[in-house]
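Residues per chain are reported as follows:
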Amino acid sequence: MPKPEISNEFGTIRIADEVVATVAGLAAVEVEGVASMSGGWGTDLVEKLGKKNFGKGIKVEVVNEETTIDIYITVEFGYAIPEVASNVQKEVKMAVETMTGLTVANVNVHIVGVSMKKNNAGTEVSADVDQD
């Protein structure tokens, strides 16, 4: 499927899905109560080896000039999950629309885990669900 194009008098602009995912990911992690994005074991392993992936845990589908975004996050324990998810939806929609010019039709938030603050040993404790 061809990528959406924005044409002007200078030429054509094409925005890759990965760029939309990165913008969405950066907006989502700024929301209070979001502990992390969840990209599955493969993406998490790559990050442990030193390469940051700000689009991890995000699936982007662009049709014409509309996009649907699925985001998989871990929420910090103690935060109201519906409130955090709603804030993620608002922030991601605003960031993607402002930076890309695309219309965001849907932002679907999937809560895949809950993360505790640091325990006495200084390590983070989290409870994640398996993603199929």
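The present account deals with the structure reproduced in this document. (Residues numbered from 1 in each chain as written. Predicted model: local features only at pLDDT ≥ 70, side-chain atom pairs only at ≥ 80, totals over all residues. Heavy atoms only, no water.)

## Considering the pairing of strand β2 (residues 11-14)
The line we're drawing: By this definition, two strands are paired if DSSP reports at least two bridges between them. Helix and strand definitions here come from DSSP, where helices need a minimum of 4 consecutive H or I residues and strands a minimum of 2 consecutive E residues; each element is numbered from the N-terminal end.
Sheet analysis places strand β1 (residues 5-8) next to β2, joined by four bridges and oriented antiparallel. If you follow Ile6 over to β2, its bridge partner there is Ile13.

## Describing the pattern of salt bridges
Here the idea is simple: oppositely charged side chains can pair when their charged atoms come close. So the rule is basically this: Just to be clear on terms, a salt bridge is a Lys or Arg side-chain nitrogen sitting within 4 Å of an Asp or Glu carboxyl oxygen. Three exposure classes are used, based on accessible area relative to the maximum for each residue type with a 1.4 Å probe and protein chains only: buried under 20%, partly exposed in between, and exposed over 50%.
Under the counting rule described, the total for this entry stands at one salt bridge. When the shortest N-O distance is used, the salt bridge between Glu97 and Lys93 registers 2.8 Å. Residue Glu97 and its partner Lys93 are both found in helix α3 (residues 81-100); the two are separated by four residues, about one turn of the helix. For Glu97, a relative accessible area of 26% gives the class partly exposed. When its relative accessible area of 35% is taken as the criterion, Lys93 is described as partly exposed.

## Observations concerning the environment of Val29
Our working definition: Should any heavy atoms of two residues lie within 4.5 Å, those residues are counted as being in contact.
Here Val29 lies in helix α1 (residues 17-29). Between the alpha carbons of Val29 and Ile73 there is a distance of 8.8 Å; along the sequence they are 44 residues apart. The contact partners of Val29, leaving out residues within four places of it in the chain, are Val34 and Met37.

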